[in-house]
Structures are given as structure tokens and as C-alpha cells.
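Observations on chain architecture
The primary structure of each chain is shown beneath.
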Amino acid sequence: MKDFEEVSEPYTLSEAIKEAQRCLHCKAPGCKKGCPISNDIPDWISELAKGNFGNAMNIIHNRSNLPAVCGRVCGHERQCEGNCALGKKGDPVHIGKLERFIADFDAEAGWRHESIPEKNRGKVAVIGSGPAGLTIAGDLSRQGFYVEIFEMEPEAGGVLMFGIPQYRLPKEVVNREIKKIENLGVKINLNTTIGKDFTIDDLFNQGFDAIFMGTGTGVPKRLAIPGINHKGVRQGIRFLRRVGLYENGYISRKEVVIREGDKVAVIGCGNTAMDAARTSLRMGASEVTVIYHRDIEKMAALRAEYDDAVNEGVKFLWNSSVVNIEGRDDNEFKLKSITVNTPDGEIVMPMDNVILAVGSVPASRIVSTTDGIDVDEKGYVLTRDNPYGMTTRKGVFAGGDVSGNQATVVHAMQNAKAVAESIAKYVDAVKLMEII
């Protein structure tokens, strides 16, 4: 059984300086264009190369609320590093590891870079504390808004805390980033479910000027496969959430279905599939096979995540699909086998568990308890372009996965930053109209 210790090794001080000195500081930096939040990468790398760590952190903070997270889980190979000029020779600057180094070094030093602004521009409620919610909270708090976050889980962080495994993103790193947001004056309410404990109308009645929905997508998509409803079939996002709850001491080991020696199949080939496969091994599975209906060139997962999975022993079946799932008569929570259609014909594989990692859609808890918020046929919240991110309910905004902007952590942050600007303008306009 593999442990959950962080896999990626950090840079030492001398390694970080040496790597930073490789940056060409291009006049038209492709790395910045490749970053969804337009991080001023050459500028902070230049400061790092000179040993000016505080300056480097200040530059990063201008664009990012979560540098220690982004340095670990961003798709660097497709974004900043994928557009680095040195990458043409096959060895781009390792921007992600440098960002991680700066964020970790800064946290260990305990420096404070920002003064807390007076909260006099308005009140904003943020539902959900994932990447989008934390970005909204951080950006608006820095601009003088009083912000409260409402989170249904016992800890803040959303997918960062309960969806990305510990070996990729240690929970103490997430907690550290959240603490920085709190230090800006943001209040976080845990174990609070909007749509159950409070409604959108309740929040407005509490005096909030605007509300942001960053609730993600908690309802998994289903596949039309015979036997798919068997209890031995688990959803990827829910499996990872339960492992996260177990790792944080909220549930017992027996509530995580994978047992020592189990054979596990994962359907799908995105990063969630890679996380589910590698986590299954860490929970004691003897064999894990990822089954994907396309080839390796079409997979959504990052190549680095795939390589790590292969190195850990995960097997892959390409251009293949599960056509039948058969349960066991003696155990309602275990499977007997699956039938897979492969390029070489159908094969029957003994299997104890199947994990589905084929995407998800939003829950309807908030929409069903609130008048005026429209959704599309799949349940994604409809938003406007002007004001950007506002739903069909005045004063209610949405962003990230819940509004159909499903992608990576940094893409959720990119979307949220644009919505934060819109919320600020909206609240300012409302306040101005109250004066006139």
C-alpha cells in the first residue's frame, strides 16, 4: 500500500535560484500568455533570481490568491511551461516548482505583505470555498468589501481539500492558503448549506449586496451500462471526497469502499481518473485498470499525471469501453466481473470495484429553493455577459464549474477574477443609486 505523502520533491534554495536564472525574461513572454490568470511570471522569476523573495511574492499576489496550490496542481505543461521559449529545446523553465518554492518559502518565513483594507464598499456572500470562491473572496476583500464564505463541508477548500489527493496537494498547504484569505478579513462559515440552512433570500435579508455561487458540480454523470447501478460502482468525485474525509478523520476506514487486494477499474481518462486510480492503489488495491474509449493522444489528463500513474503500476486499456457490469451474489458491495469491448474483441475481467470518472453536473439545492435563477438543460446556471457572471436573478452571480466553466483550478480562478470585477462594479453602482 502506497502512502499519501507528497510525491513531487521541492527545490532547495540553491536549486530554485539556479533554475530562476535560466529564465530569458522575454520581451513577449509566452509563459504569461499561456497562464489563464496572466501571472507576471518573468517579473517574479527575475526577483527570485536576485534573491528578492518578498518582491517575487508581491508580484505573484497581484494575480493569484493561491500560489502554493497553483504551483502544485496547475497544468503547467499545457500553459506557462508549454509556452516557454526554452521549451522549444525541450527544457522549459520549471515555473510550477518555482512558484511552489516561493509560496512555501514565504509561508515558512511568516512574512505579511498586505495591510487589511477598511471594509466599507459593501457586503458580499460567497457560497462555496473552492478555487472560484476563494478567488472571489480574496479579490473583493482586498478591494474593501466585507466578504463571508458559506461552506457545507466541515473544512474549507472545496475540491482543493476533498477532491485532490494529499500526495498531489497536501492539506496543510490548502489550510495555509485559506488562512491567508482569512487574514484579509474574510469570515468563513463551515457546516452551512445554502438551500438547506439558509436560502438566497435569507442572505439578502441579512444585508448582503451581492451573492456569488461557486458551488461546483456535485452530481456525477451516469453511463447507460447494464449493472451501472450496482453498489460496487462508485463515482470518482465521491470516492475522492470520502478518501479526503477519511484522511482528515471525519469518517472511518470502512466507509471507503476499496479494500486491500481489490481489483479496480476506472472509466474515464481525465485528471480525476488519474487521481482515482492512484488513490485506489494507496487504499490497498492490488490492481487498477483505466479504461478509456479513445486513444492516449485524446486523453484529457496531463501527460505528467499519466506518467506518474504508469510508474505507480496503473494499467491502461485504450479504445475500449465497458459494456456490462456483473455483481456478486455473496456481497452487495462487490462486483464479480466487467465485460470490456476492446480493439481485439470482448474480454471479461474479474473486478471488485468500478469507479466512474466521466464528469459531473451541478446539484439543484440552491436553484430549487430560489426564485429567478435559470439553468440550462444540464443544470448549469445561466449567466450574462453584462454584468459578467450575473445570473438571471439580480445581484446573484455564478462562476467556475457551476456555470459550465469546467476545467482546471486555475481556469476556475480565471473565471472568478472576471466575475469579481463585475461584482465590484455592480455593488458600486447599486450604492451610487441609493445615494442619488
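Further up the page is the structure itself.
Since this is a predicted model, take the numbers as computed values, not measurements.

What counts and how
Residues numbered from 1 in each chain as written. Predicted model: local features only at pLDDT ≥ 70, side-chain atom pairs only at ≥ 80, totals over all residues. Heavy atoms only, no water. Phe/Tyr/Trp six-rings, centres within 6.5 Å; stacked < 30°, edge-to-face > 60°. Helix = DSSP H or I, 4+ residues; strand = E, 2+ residues; numbered from the N terminus. Buried < 20%, exposed > 50% of the residue type's maximum accessible area, 1.4 Å probe, protein only. 1 Å grid on protein atoms, 1.4 Å probe; cavity = no way out; pocket = protein on both sides within 12 Å on 5 of 7 lines; lining within 4 Å. Points joined across faces, edges and corners; volume = space filled by probe spheres on them. Nonpolar A, V, L, I, M, F, W, Y, C, P; charged D, E, K, R; others polar. Pairing = 2+ DSSP bridges. Axes fitted to C-alpha atoms, helices over the stretch in contact; angles between N-to-C directions. Contact = heavy atoms within 4.5 Å. Expected span 1.5 Å × (residues − 1). Parallel < 35°, antiparallel > 145°, perpendicular 65-115°, else oblique. Left-handed = near helix turned anticlockwise from the far one by under 90°.

Across all of its chains, the model carries eleven aromatic pairs by this definition. When the centroid spacing of 5.7 Å and the interplanar angle of 35° are considered together, the rings of Phe 101 and Phe 105 count as tilted. Remark: Phe 105 and Phe 101 occur in helix 6 (residues 95–109); sequence separation between them is four residues, near one turn of the helix. Taking the relative accessible area as the measure of exposure, Phe 105 reaches 26% and is therefore partly exposed.

Roughly 520 Å³ of internal volume is contained in the second largest pocket. In this structure, the second largest pocket is lined by 22 residues; those nearest its centre are Ser 8, Arg 72, His 76, Ala 304 and Glu 305. Those elements giving two or more residues to the lining of the second largest pocket turn out to be helix 5 (67–73), helix 6 and helix 13 (303–311). Its residues placed into classes, the lining of the second largest pocket shows six nonpolar, six polar and ten charged.

Taking strand neighbours across the sheet as the criterion, the five strands line up as 3-2-1-4-15 in an open arrangement whose pairing is parallel. The open sheet is flanked by strand 3 (187–189) and strand 15 (396–398), the only strands paired with a single partner. When strand polarity is set aside, the average angle formed by the axes of neighbouring strands in this sheet is 20°. Pairing of strand 4 (residues 210–213) with strand 15 involves three bridges; the strand directions are parallel. If you follow Ile 211 over to strand 15, its bridge partner there is Val 396. Sheet strands touched by helix 7 (residues 131–142): strand 1 (123–127), strand 2 (146–150) and strand 4. Its angle to strand 2, the strand with the most contacts, is close to 165°.

For the rest of this paragraph, the subject is the environment of Arg 238. Inspection of the secondary structure assignment puts Arg 238 in helix 11 (residues 236–247). Assessed through its relative accessible area of 45%, Arg 238 is described here as partly exposed. Excluding its chain neighbours within four sequence positions, the residues that come into contact with Arg 238 are Gly 218 and Pro 220.

For the α-helix, the turn length of 3.6 residues means that residues three or four positions removed from each other point alike. Taking 1.5 Å of rise per residue, the twelve residues of helix 7 would be expected to cover 16 Å, and the 17 Å separating its terminal C-alpha atoms lies within 8% of that figure. Along helix 7, eleven of the twelve residues are buried, which leaves the element largely enclosed by surrounding structure. Buried within helix 7 are the following residues: Pro 131, Ala 132, Gly 133, Leu 134, Thr 135, Ile 136, Ala 137, Gly 138, Asp 139, Leu 140 and Ser 141. For helix 7, the elements touching its buried residues are strand 1, strand 2, helix 8 (159–162), helix 9 (171–183), strand 4 and helix 14 (409–435). Just downstream of helix 7 lies Gly 144, where phi reads positive at about 95°.

Turning our eyes to something else, we now look at the packing of helix 4 (residues 53–61) against helix 6. Two numbers describe a pair of packed helices, the interaxial angle and the distance between the axes. Remark: helix 4 packs on helix 6, axes separated minimally by 10 Å, with the N-to-C direction vectors making an angle of 110°. The orientation of helix 4 relative to helix 6 falls into the category roughly perpendicular. When you trace helix 4 past helix 6, the crossing you get is left-handed. Touching Phe 53, Ala 56, Met 57 and Ile 60 of helix 4 are Glu 99, Phe 101, Ile 102, Ala 103, Phe 105 and Asp 106, all from helix 6.

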